[in-house]
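Coordinates in review
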Amino acid sequence: MHSISARILLAIFALVLPATTVAEPGWSFRCTDHPARPNAAFHVLTAASTYHPDAAVPFGFDLNTAPTAFAGNACTGNAPYFFSLAVPDGNYQVTLTLGGPTPSTTTVRAESRRLFADQIKTPANARSTQVFNVNVRTPTIHTAATPTPLPVKLKPREIGALDWDEKLTLEFTGDHPSFRSITIRPILDVPTVYLAGDSTVVDQDKEPWAAWGQMLPAFFGPGISIANEAESGETIHSFISERRLDKIESTLRPGDYLLIQFAHNDQKPGTGFVSIPDYKDHLRHYITMARAHRATPILVTSMHRRTFDANGKITQTLGEYPQAARDVAAEQKVPLIDLNALSKTLFEAMGDAGTLHAFVHYPANTFPDQPKELKDDTHFNSYGAYELARAVVQSIRDQQLPLARYLRPHIPAFDPTHPDSLDAWRLPPSPSVSTTTPYGR
């Protein structure tokens, strides 16, 4: 999207918008009890508003879900529901007016479970406005130097995923999740934070899996957009060979950021193994590419696995890779978020038993079609991913990195020696569930 000029972008959106809205490209949707006025500058949402990709303006409730009530000029559900709008690659500002005729608590995720609005409580007949930016992408890579666009080499699990389709999808969950209106408009004037990494960073699209990258948007305001390009099973080398770094480079602009976290898969013996010297060279390559586009690279050391010794201390299973990242960060004079060190403190504070509730450890039959116990010491559930995201955010703030200016105000300080109490922590689950372990361990 960034490779398209603003003038061309405006022309594209003018073709698909009602004449009354051409002056400011975007789409507005309202839940209403009354038919819309002719030529109204918004679309009406009713029980019949179902997403159809071949519609003139493809929008509506999606994935075989819909609100259960359309009263009081609000859409309200007694179960999770999804709303989608077809859009091309790019960043979009979403403005939601939450609330309805009854009290509601609404959590909003976008695309493959990226968290944006966390349990917003709205009293009966009240309103709450939430504004955030969503990055949308397709596998196609457009560059001036490539006459024929090339695609990202997607894995089977990515085919048809919400992170890679040609629409922006919002997920509403919670206690009677309600909204009154949605406005979506393309934006070109905010920096983008790109995340390059593996399954511990990616937007995990199904419960009970989660990663810190998909929690990060909840902490940032509408002055910036988060583009999580991470994928399960990736090494720092395969991320290049599958053209994932090319995808980032094709839209990277001056003022953007690139966060880089690998190691879990690089260390594994076999055809995907990346030696420490090669790992360092690849880190330098990522840094050089980002700087060539006048973007800011930031290295992130990989968090620990759940491995404790007899004294309750975390053991290092990632070999020399975290130190390699520290060495390159110092050598290249780039910021470093030492999540390896922070996670050691965090996991030891939780303890061996406590971390069972942060990783994917569940008895058999906790989820549908799950006859066997889930026991994964690498991947996190939403609670563990959220705590790691808080550690990343606190490091950004403690180091006074330029990214800190985009954080939402009033975010509580986070001390990894005192993680959030599991008893006091809640996040409504998404409806999609899988008991299949993500690529990479």
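In what follows, the accompanying structure is described. (Residues numbered from 1 in each chain as written. Predicted model: local features only at pLDDT ≥ 70, side-chain atom pairs only at ≥ 80, totals over all residues. Heavy atoms only, no water.)

Let's shift gears to the sheet that holds strand β3 (residues 59–62). The antiparallel open sheet is built from five strands, whose spatial order is β3-β5-β12-β7-β8. Among the strands making up the open sheet, the edge pair consists of β3 and β8 (114–122). On average, adjacent strands in this sheet sit at an angle of 20° to one another, irrespective of strand direction. Relative to β8, strand β7 (residues 104–110) is paired through six bridges, and the arrangement is antiparallel. Within β8, the position partnered with Ala-110 by the bridge is Arg-114. (Pairing = 2+ DSSP bridges. Helix = DSSP H or I, 4+ residues; strand = E, 2+ residues; numbered from the N terminus. Axes fitted to C-alpha atoms, helices over the stretch in contact; angles between N-to-C directions.)

Let us look at the pairing of strand β13 (residues 178–187). Residues in a regular strand point their side chains to alternate faces of the sheet. Across the 10 residues that make up β13, a large majority, eight, are buried. Sheet analysis places strand β1 (residues 27–31) next to β13, joined by four bridges and oriented antiparallel. In the strand pairing of β13, Arg-30 is matched with Ser-181. In terms of strand pairing, strand β4 (residues 75–76) meets β13 through two bridges, oriented antiparallel. Within β13, the residue paired with Cys-75 across the bridge is Phe-179. Both strand β6 (residues 90–98) and β13 contribute to a ladder of eight bridges, which runs antiparallel. Looking at β13, one finds that Thr-97 is bridged to Ser-181. (Buried < 20%, exposed > 50% of the residue type's maximum accessible area, 1.4 Å probe, protein only.)

Attention now moves to the pairing of strand β20 (residues 374–380). Counting buried positions along β20 yields five of seven residues, so the element is predominantly enclosed. Direction of pairing for strand β19 (residues 359–362) relative to β20: antiparallel, over a ladder of four bridges. Counted as the bridge partner of Tyr-362 is Leu-374 from β20.

A word on the environment of Ile-337. When you line up the elements, Ile-337 lands in strand β18 (residues 336–337). Sequence spacing of Ile-337 and Gln-394 is 57 residues, and the spatial spacing of their C-alpha atoms is 9.6 Å. Contact partners of Ile-337, with chain neighbours within four places excluded, come to Ile-298, Leu-299, Val-300, Thr-301, Val-392, Ser-395, Ile-396 and Gln-399. (Contact = heavy atoms within 4.5 Å.)

Along the chain, His-304 turns up in the loop between β17 (296–300) and α6 (321–332). Residue classification places His-304 among the buried residues on the basis of a relative accessible area of 3%. Each C-alpha atom of the pair His-304 and Thr-315 lies 8.0 Å from the other, and the pair is 11 residues apart in sequence. Looking at His-304, its side chain comes within polar contact range of the main-chain oxygen of Asn-340, at 3.3 Å. (Polar contact = N/O pair within 3.5 Å; in protein donor to acceptor, adjacent residues only side chain to side chain.)

We now examine the nonpolar core. Counting 47 residues, the largest nonpolar core has Trp-212, Phe-219, Phe-220, Leu-259, Phe-347 and Leu-403 as the members making the most contacts within it. Broken down by secondary-structure element, the contributors of at least two residues to this core are β14 (192–197), α2 (212–215), β16 (257–261), β17, α7 (339–355) and α8 (382–398). In terms of residue count, the dominant contributor to this core is α8 (nine residues). When residues no more than four places from it in sequence are discounted, the contact partners of Phe-220 are Ile-226, Ile-396, Leu-403, Tyr-406, Leu-407 and Arg-408. (Core = buried A, V, L, I, M, F, W, Y, C linked by side-chain atoms within 4.5 Å.)

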